[in-house]
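Tertiary structure, described
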Amino acid sequence: MENNYLVLVRHGESIWNKLEKFTGWTNVELSDQGKTEAKQAGKILKRNKFKFDISYTSVLNRAIDTLWKILKELNQCWIPVKKTWYLNERHYGKLQGLSKIETNLKYGEKTVEKWRRSFTSIPPKLNTTENLVFINDEKYKKLNCHHIPVSESLELTLKRILPYWKNIIFPNIKKKKNVLIVAHGNSLRALVKYLSRIKNHEIPYLSIPTGIPIIYSFDKNLYPLKYYFLEK
Ligand SMILES: O=C(O)[C@@H](CO)OP(=O)(O)O
């Protein structure tokens, strides 16, 4: 492989993915299947001779654990790992912790589908008291509490991720480094939308499976080429 690459991986199945509950910023663990998916992602990358110079993930356990399992399979635990809240899952507001089926019954499938998959729709917001659980969380201590979201559309998620992509991650691509990002269903949908210039009306059709590496390479102007899923 001559050109440098960017690899995106959504964490393996979490226990709340399994239970079909809205998760967002809730810090849940991988399910047993999710742990296997994470190892499998590492094995597939190894088989295809991927090697990384630097890796990025969110501050949520399911992504950190997945990244760790991938690096272990690759025998690359020693590379730099940067953890940042900028790559956290989209904040799902009041939906966090609710069952997807019950939410459909309560609000109607059309509304819920918009919250889940459209670019601009913002799920119901947490009030300040409800958001204290994040404001008081040690992980977010350094953040100004006004920067902690109370709910995010995909658009707001992208707005949050973009400065980190442009100022911190992308400079590595410019330096021809191979970069691995392990993040979440919607934080990665937002990034893929940006990189692949997916239109707002097309984004509802993009979903990112757990544990399947997405491979990007770049042309000479550092424009991202069409991505593909690495499944074997
Ligand atoms: O619950 C979540 O945070 C996300 C990802 O698992 O769910 P959805 O696929 O509905 O956006």
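Residues numbered from 1 in each chain as written. Predicted model: local features only at pLDDT ≥ 70, side-chain atom pairs only at ≥ 80, totals over all residues. Heavy atoms only, no water.

In the nomenclature of an unreviewed UniProt entry, the protein chain is known as 2,3-bisphosphoglycerate-dependent phosphoglycerate mutase of Buchnera aphidicola. In UniProt, the protein chain has this text filed under Subunit (unreviewed entry): "Homodimer." In its Catalytic activity (unreviewed entry) section, UniProt records this for the protein chain: "(2R)-2-phosphoglycerate = (2R)-3-phosphoglycerate". (UniProt positions renumbered as here; feature names shortened; annotations may be inferred.)

1. Here we look at the overall build of the protein chain
Across its full length, the protein chain holds eight helices and six strands. Counting from the amino terminus, helix and strand elements in the protein chain follow one another as β-α-α-β-α-β-α-α-α-α-β-α-β-β. Its C-alpha atoms give the protein chain a radius of gyration of 17 Å, near enough to 17 Å, the size a compact globule of 232 residues would have. If one aligns the C-alpha atoms of the protein chain with their principal axes, the spans along those axes are about 50 × 35 × 35 Å. Out of the 232 residues in the protein chain, the part that is buried amounts to 53%. A separation threshold of at least 6 residues defines the contact pool for the protein chain, and within that pool the share at least 24 residues apart is 75%. In the protein chain, which carries 41 positive and 21 negative side-chain charges, the distance between the mean positions of the two groups comes to 5 Å. (Helix = DSSP H or I, 4+ residues; strand = E, 2+ residues; numbered from the N terminus. Rg over C-alpha atoms; globule rule 2.2 N^0.38 Å. Buried < 20%, exposed > 50% of the residue type's maximum accessible area, 1.4 Å probe, protein only. Contact = heavy atoms within 4.5 Å. Lys, Arg positive; Asp, Glu negative; His and termini not counted. Charge placed at Lys NZ, Arg CZ, Asp CG, Glu CD.)

2. Focus: the site of the ligand
Lining the immediate surroundings of the ligand are Arg-10, Asn-17, Lys-21, Phe-22, Thr-23, Gly-24, Glu-89, Tyr-92, Lys-100, Arg-116, Arg-117 and Asn-186. Between an oxygen atom of the ligand and a side-chain N or O atom of Arg-10, the distance comes to 3.1 Å. Contact distances for the ligand include 3.0 Å between an oxygen atom and a side-chain N or O atom of Asn-17. Relative to its unbound accessible area of 310 Å², the ligand is 94% covered by the protein chains. Residues belonging to the shell around the ligand are distributed by class as follows: two nonpolar, four polar and six charged. (Near = heavy atom within 4 Å. Polar contact = N/O pair within 3.5 Å; in protein donor to acceptor, adjacent residues only side chain to side chain. Areas by Shrake-Rupley, 256 points an atom, 1.4 Å probe, with all protein chains shown as cover. Nonpolar A, V, L, I, M, F, W, Y, C, P; charged D, E, K, R; others polar.)

3. Considering the packing of helix α2 (residues 32-47) against helix α3 (residues 61-74)
Running from N to C, α2 and α3 point in directions that differ by 40 degrees, and their axes come no closer than 8 Å. What the angle tells us is that α2 and α3 run oblique. The hand of the α2/α3 crossing is right-handed. Judged by residue contacts, Lys-35, Ala-38, Lys-39, Ala-41, Gly-42, Lys-43, Leu-45 and Lys-46 of α2 engage Thr-66, Lys-69, Ile-70, Glu-73 and Leu-74 from α3. By residue class, the composition of the contact of α2 with α3 is five nonpolar, two polar and six charged. (Axes fitted to C-alpha atoms, helices over the stretch in contact; angles between N-to-C directions. Parallel < 35°, antiparallel > 145°, perpendicular 65-115°, else oblique. Left-handed = near helix turned anticlockwise from the far one by under 90°.)

4. Some points on the sheet that holds strand β2 (residues 54-57)
The strand order across the open sheet built from six strands is β3-β2-β4-β1-β5-β6, with neighbouring strands paired in mixed fashion. Strands at the two margins of the open sheet, each flanked by one partner only, are β3 (81-83) and β6 (228-229). (Pairing = 2+ DSSP bridges.)

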